[in-house]
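# Summary of structural features
Next come the chains, spelled out residue by residue.
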Amino acid sequence: MKLRGSFLIYNGWPPALRFHDAVSQKIYALNDDEDPPGPEWIDSIHRENRVTGEFCVALTGEKTSVPYEAKPIHYVQIKSYKLQ
């Protein structure tokens, strides 16, 4: 599946890196236990509090939720990406 946009940093309830898909209205996230896919992710997070680009992802089949969001958060694995 391809996603375009930004993984944003959320402080508080995990998962910290979340992607809100404006088209499907779904929320995707990276598992906090995994390292970011590459060093450029860390640079982008420190500069902009987000990682923007095109992402090819695979659903892991796992979901989570947070108290302030009614929609489930679907965990994804990054297969490839191109940052902006």
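Residues numbered from 1 in each chain as written. Predicted model: local features only at pLDDT ≥ 70, side-chain atom pairs only at ≥ 80, totals over all residues. Heavy atoms only, no water.

### Some points on the overall build of the protein chain
Cut-off, in case you're wondering: Only DSSP runs of H or I covering at least 4 residues are called helices, and only runs of E covering at least 2 are called strands; the numbering of each starts at the N terminus. In this description the radius of gyration comes from C-alpha coordinates, and the expected globular size is given by 2.2 Å times residues to the power 0.38. The rule is simple: take the accessible area with a 1.4 Å probe, protein chains only, and divide by the maximum for that residue type; under 20% is buried, over 50% is exposed, in between is partly exposed. Only the protein chains shown count as cover for residues, and the accessible areas themselves come from Shrake-Rupley with a 1.4 Å probe. In this tally, Lys and Arg are treated as positive and Asp and Glu as negative; His is ignored, and so are the chain termini. Where a charge lies is defined by one atom per residue type, namely NZ (Lys), CZ (Arg), CG (Asp) and CD (Glu).
Within the protein chain, the secondary structure is distributed over one helix and five strands. The order of helices and strands in the protein chain, counted from the N terminus, is β-β-β-α-β-β. For 84 residues, the compact-globule estimate of 2.2 N^0.38 gives 12 Å, and the protein chain sits close to it at 12 Å. Structurally, the protein chain occupies a C-alpha span of about 30 × 25 × 25 Å along its principal axes. Counting every position in the protein chain, which comprises 84 residues, the buried fraction comes to 31%. By element, 49% of the accessible surface of the protein chain is carried by carbon and sulfur atoms, the whole surface being about 5500 Å². Averaging the coordinates of the 10 positive side-chain charges in the protein chain and doing the same for the 11 negative ones gives two points 9 Å apart.

### Here's the deal with the confidence of the model for the protein chain
The condition that has to hold: What pLDDT reports is the predictor's confidence in each residue, on a scale of 0 through 100.
Put simply, the protein chain has an average pLDDT of 90, and 100% of its residues get 70 or more. Put simply, helix H1 (residues 39-48) is where the protein chain has its lowest mean pLDDT, 88, and strand E3 (residues 27-29) is where it has its highest, 95.

### Some thoughts on the pairing of strand E5 (residues 69-83)
Note the following rule: Should DSSP find at least two bridges between two strands, the strands are regarded as paired.
Taken together, the three bridges between E3 and E5 define a ladder with parallel strand orientation. By the bridge assignment for E5, Ile27 is matched with Ile73. Here strand E4 (residues 50-66) pairs with E5 via ten bridges, running antiparallel. Each bridged residue has a counterpart across the sheet, and for Phe55 the counterpart in E5 is Tyr81. Where E4 folds back on E5, the antiparallel hairpin that results is connected by two residues.

### A look at the environment of Arg18
Rules: Note on definitions: a residue-residue contact is assigned when non-hydrogen atoms from the two residues lie within 4.5 Å. We define a polar contact as two N or O atoms separated by no more than 3.5 Å, with the added condition that, inside protein, one atom must be a possible hydrogen donor and the other a possible acceptor, whereas residues neighbouring each other in sequence contribute only through side-chain atom pairs.
Here Arg18 lies in strand E2 (residues 17-20). Counting along the chain gives 65 residues from Arg18 to Leu83, while the straight-line C-alpha distance between them is 16 Å. Beyond its immediate chain neighbours, meaning those up to four positions away, Arg18 contacts Ser6, Phe7, Leu8, Tyr10, Trp13, Ile27, Tyr28, Ala29, Val66, Tyr68 and Ile73. A distance of 3.1 Å separates polar atoms of two side chains, one belonging to Arg18 and the other to Tyr68.

### Section: the sheet that holds E4
The condition is simple: A fitted line through C-alpha atoms represents every axis, and for helices the fit uses only the stretch in contact; the resulting angles, taken between N-to-C directions, go from 0 to 180 degrees.
Pairing is mixed around the closed barrel formed by five strands, whose spatial order is E1-E2-E3-E5-E4. Neighbouring strand axes in the sheet, compared pairwise and without regard to direction, differ in orientation by 50 degrees on average. Bridging between strand E1 (residues 2-9) and E4 involves seven bridges; their strand directions are antiparallel. Of the residues in E4, the one forming a bridge with Arg4 is Glu54. On top of the sheet, H1 reaches E1, E2, E4 and E5; it is set at about 95 degrees to E4, its chief contact.

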